[in-house]
Amino acid sequence: MKDIEVLMGLFDKTINFSMEKLYIELTNRCNLKCKHCYNDSNNGICIDLPIEVVKNMLIYTKKCGLTSVALSGGEALLYPKIKEVFAFCKDIELEVFLLTNGTYFDEGKYMDILFEYLPEVQVSLDGPNPSSNDIIRGEGNFERAVSFIKRLKKSGYPKRVTVNTVLTEHTLSNYGDMVRLCNELGVNELTYSFITMAGRAKQSNLQINNDYFYSVVKDINTNIKSKKQNNCQGVGINHVCSLTTLNNGIIKLQPKVTCKGEVFPCQMHHKPEYIIGNVNTCSLDDVLNSEKSRRFIALMYLRKNYMEECNRCMFKTICGRGCMAKSVNDYSNPMSVDGCCVFYKELIVGEIKGQLN
């Protein structure tokens, strides 16, 4: 289907939306105040999603055929009804991917909850030692997070325990040591993610040099990732966004729901102008199929076809134009490139070479 036909189909509703993933930010409560927090969590105002709203979304998630849901915060374990959420997921046979900072475990009850409901756990760690991690996450939090991972592994935790690192100037210079630390801890996988320039990240001026960033990411993806013993997923980079991919008349969204009930079409968006609805006032199903949702996807398709910076590029007819959210967060312009063109060109050339072999 041509892109203009997709645009027309969005507004005559011949194109439907479904979910590929769901990220629920249960609360903005947090025991840390990280410099790169795009949510500005732990800002003195506590906001929690109503438990009935959460349950309704989980039921819809199951109805959509998903097998798991990602729960975060803030610190998700500080959500007042977190045990009820875990129990409900277990009742409807929906697995949980829990994102935690791994530092709030002074009270044994949280360990008991984890072993009772067995979510997959991702721990945030932003350096291989106290000096690199704690400059972002606060004094003493490296030791707390590492101690938590060790406790899980020593106890024979049967689900995956992974580590995620946000790429900043501090983590870029220590990426090799980070891989070694994760190998020593026995984590199942190390992932890297882009910094999102919103909230405290923007206030802290954590932008990094693009050339240096590119050289590190290239080494992670081509060398470190290729060694199986490292269990490193690498840095996810893709020039084609799933929000502009049509399969059998359906576009699959990866929505994020904030603790205020605000729904964004993917987890990378944070600016108010990209809110497509609110689950405190209507169902997630209605939000995803709303006019605001369709207008957002239409903007994605317009971006794909009319980005001025792409007109002279030899790859313009086959490039998916990368991540609009990154363009918005970093450059405040949905119609600009996202800063990863060098990566995309290498990806496309690699894909072409692969097809020729």
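Please read these numbers as outputs of a predicted model, since none were measured by experiment.

Novice: Any details on the overall build of the protein? Residues and values, ideally.
Specialist: For the protein, the count of helices and strands is 14 helices and 13 strands. The C-alpha radius of gyration computed for the protein amounts to 20 Å, which stays within 12% of the reference 21 Å derived for 357 residues, consistent with globular compactness. Along the longest, intermediate and shortest principal axes, the C-alpha atoms of the protein span 55 × 45 × 40 Å. Sorting the 357 residues of the protein into buried and exposed places 51% on the buried side. Each charge class in the protein can be summarised by its mean position, and for the 43 positive and 39 negative side chains these summaries are 2 Å apart.

Novice: Please provide a residue-by-residue account of the sheet that holds strand 11 (residues 256-257), values included.
Specialist: If you trace the 10 strands from one edge of the open sheet to the other, you get 8-7-6-5-4-3-2-11-12-13, paired in mixed fashion. Bordering the open sheet on either side are strand 8 (232-235) and strand 13 (277-278), each of which pairs with just one other strand. Bridge analysis of strand 11 against strand 12 (residues 262-264) gives 2 bridges, and the strand direction is antiparallel. Within strand 12, the residue paired with K256 across the bridge is F264. Against the sheet, helix 8 (residues 175-185) touches strand 6 (161-166) and strand 7 (189-193), its axis set at about 150° to strand 7.

Novice: Quick one: what's the story with the environment of C64, residue by residue and with numbers?
Specialist: Checked against the element boundaries, C64 lands in the loop between helix 2 (51-63) and strand 3 (68-72). Sequence separation between C64 and M307 is 243 residues; the distance between their C-alpha atoms is 33 Å. When residues no more than four places from it in sequence are discounted, the contact partners of C64 are S18 and M19.

Novice: Let's hear about the packing of aromatic side chains: which residues, and what values?
Specialist: Overall, the coordinates contain 7 aromatic pairs when judged by the stated rule. Each ring, one from Y274 and one from F296, has its centre 6.1 Å from the other, and the planes form 85°; the classification is edge-to-face. Pair noted here: Y274 is in the loop between strand 12 and strand 13 and F296 is in helix 12 (residues 291-306), with a separation of 22 residues, a long-range link. Assessed through its relative accessible area of 9%, Y274 is described here as buried. Positioned over the ring face of F17 is R294, at 5.0 Å from the centre of the ring.

Novice: I'd like a rundown of the nonpolar core, residues and numbers included.
Specialist: Grouped together as the largest cluster of nonpolar side chains are 97 residues, with contacts concentrated most on I24, L58, F86, Y192, L284 and I297. Look past the residues within four positions of I24 in its chain and what remains in contact with it is L49, M57, L58, V69, A70, L71, S72 and V257.

Novice: I'd like to hear about unusual backbone geometry, residue by residue, with values.
Specialist: With an omega of 20°, the peptide bond running from G73 to G74 counts as cis. On the secondary structure map, G74 appears in the loop between strand 3 and helix 3 (82-91). With a phi close to 60°, N42 is a non-glycine residue in the positive phi region. Examined against the element boundaries, N42 turns out to sit in the loop between strand 2 (23-25) and helix 2. Look at L118: it is not a glycine, yet its phi comes out positive at around 50°. Tracing the backbone through its elements, the reader meets L118 in the loop between helix 4 (109-117) and strand 5 (120-124).

Novice: Quick rundown of the packing of helix 1 (residues 3-11) against helix 12? Include the residues and the values.
Specialist: Between helix 1 and helix 12, the shortest axis-to-axis distance is 9 Å and the interhelical angle comes to 170°. With respect to helix 12, the axis of helix 1 lies roughly antiparallel. Between helix 1 and helix 12, the residues in contact are D3, V6, L7, G9, L10 and F11 and R294, R295, I297, A298, Y301, L302, K304 and N305, respectively. Across the contact of helix 1 with helix 12, the residue classes break down as 8 nonpolar, 2 polar and 4 charged.

Novice: Summarise helix 6 (residues 141-154); cite the residues concerned and give the values.
Specialist: Over its 14 residues, helix 6 runs 20 Å from end to end, which matches the ideal 20 Å to within 8%, given 1.5 Å per residue. Backbone geometry just downstream of helix 6 places G156 in the positive-phi region, at approximately 75°.

Novice: Quick rundown of the sheet that holds strand 10 (residues 250-253)? Include the residues and the values.
Specialist: Read across the sheet, 3 strands follow the order 1-10-9 without closing on themselves; strand pairing throughout is mixed. Strands at the two margins of the open sheet, each flanked by one partner only, are strand 1 (16-19) and strand 9 (246-247). Note that strand 9 and strand 10 share 2 bridges and pair antiparallel. Looking at the pairing, L246 lines up with I251 of strand 10.

Novice: Pulling in residues and values, what's your account of the pairing of strand 4 (residues 95-100)?
Specialist: Only one face of strand 4 is buried, namely the one carrying V96, L98 and T100, since none of E95, F97 and L99 on the opposite face is buried. Of the pairings in the sheet, the one linking strand 3 to strand 4 comprises 4 bridges and is parallel in character. The residue bridging A70 from the neighbouring strand is F97, located in strand 4. Traced from strand 3 through helix 3 to strand 4, the parallel crossover comes out right-handed. Judged from the 4 bridges that link them, strand 4 and strand 5 form a sheet pairing that is parallel. The partner of L99 across the bridge, within strand 5, is Q122.

Novice: Before we move on, can you summarise the environment of G234 with the specific residues and values?
Specialist: By secondary structure assignment, the location of G234 is in strand 8. Residue G234 is classed as buried on the basis of its relative accessible area, which comes to 1%. Sequence separation between G234 and K81 is 153 residues, and the spatial gap between their C-alpha atoms is 34 Å. If we ignore the near neighbours within four places in the chain, the residues touching G234 are L190, T191, Y192, I220, N221 and K225.

Rules of the game
- Residues numbered from 1 in each chain as written.
- Predicted model: local features only at pLDDT ≥ 70, side-chain atom pairs only at ≥ 80, totals over all residues.
- Heavy atoms only, no water.
- Helix = DSSP H or I, 4+ residues; strand = E, 2+ residues; numbered from the N terminus.
- Rg over C-alpha atoms; globule rule 2.2 N^0.38 Å.
- Buried < 20%, exposed > 50% of the residue type's maximum accessible area, 1.4 Å probe, protein only.
- Lys, Arg positive; Asp, Glu negative; His and termini not counted.
- Charge placed at Lys NZ, Arg CZ, Asp CG, Glu CD.
- Pairing = 2+ DSSP bridges.
- Contact = heavy atoms within 4.5 Å.
- Axes fitted to C-alpha atoms, helices over the stretch in contact; angles between N-to-C directions.
- Phe/Tyr/Trp six-rings, centres within 6.5 Å; stacked < 30°, edge-to-face > 60°.
- Lys NZ or Arg CZ within 6 Å of the ring centre and 35° of its normal.
- Core = buried A, V, L, I, M, F, W, Y, C linked by side-chain atoms within 4.5 Å.
- Parallel < 35°, antiparallel > 145°, perpendicular 65-115°, else oblique.
- Nonpolar A, V, L, I, M, F, W, Y, C, P; charged D, E, K, R; others polar.
- Expected span 1.5 Å × (residues − 1).
- Right-handed = clockwise from strand over helix to strand, strands pointing away.

Any functional reading would require information that these geometric values do not contain.
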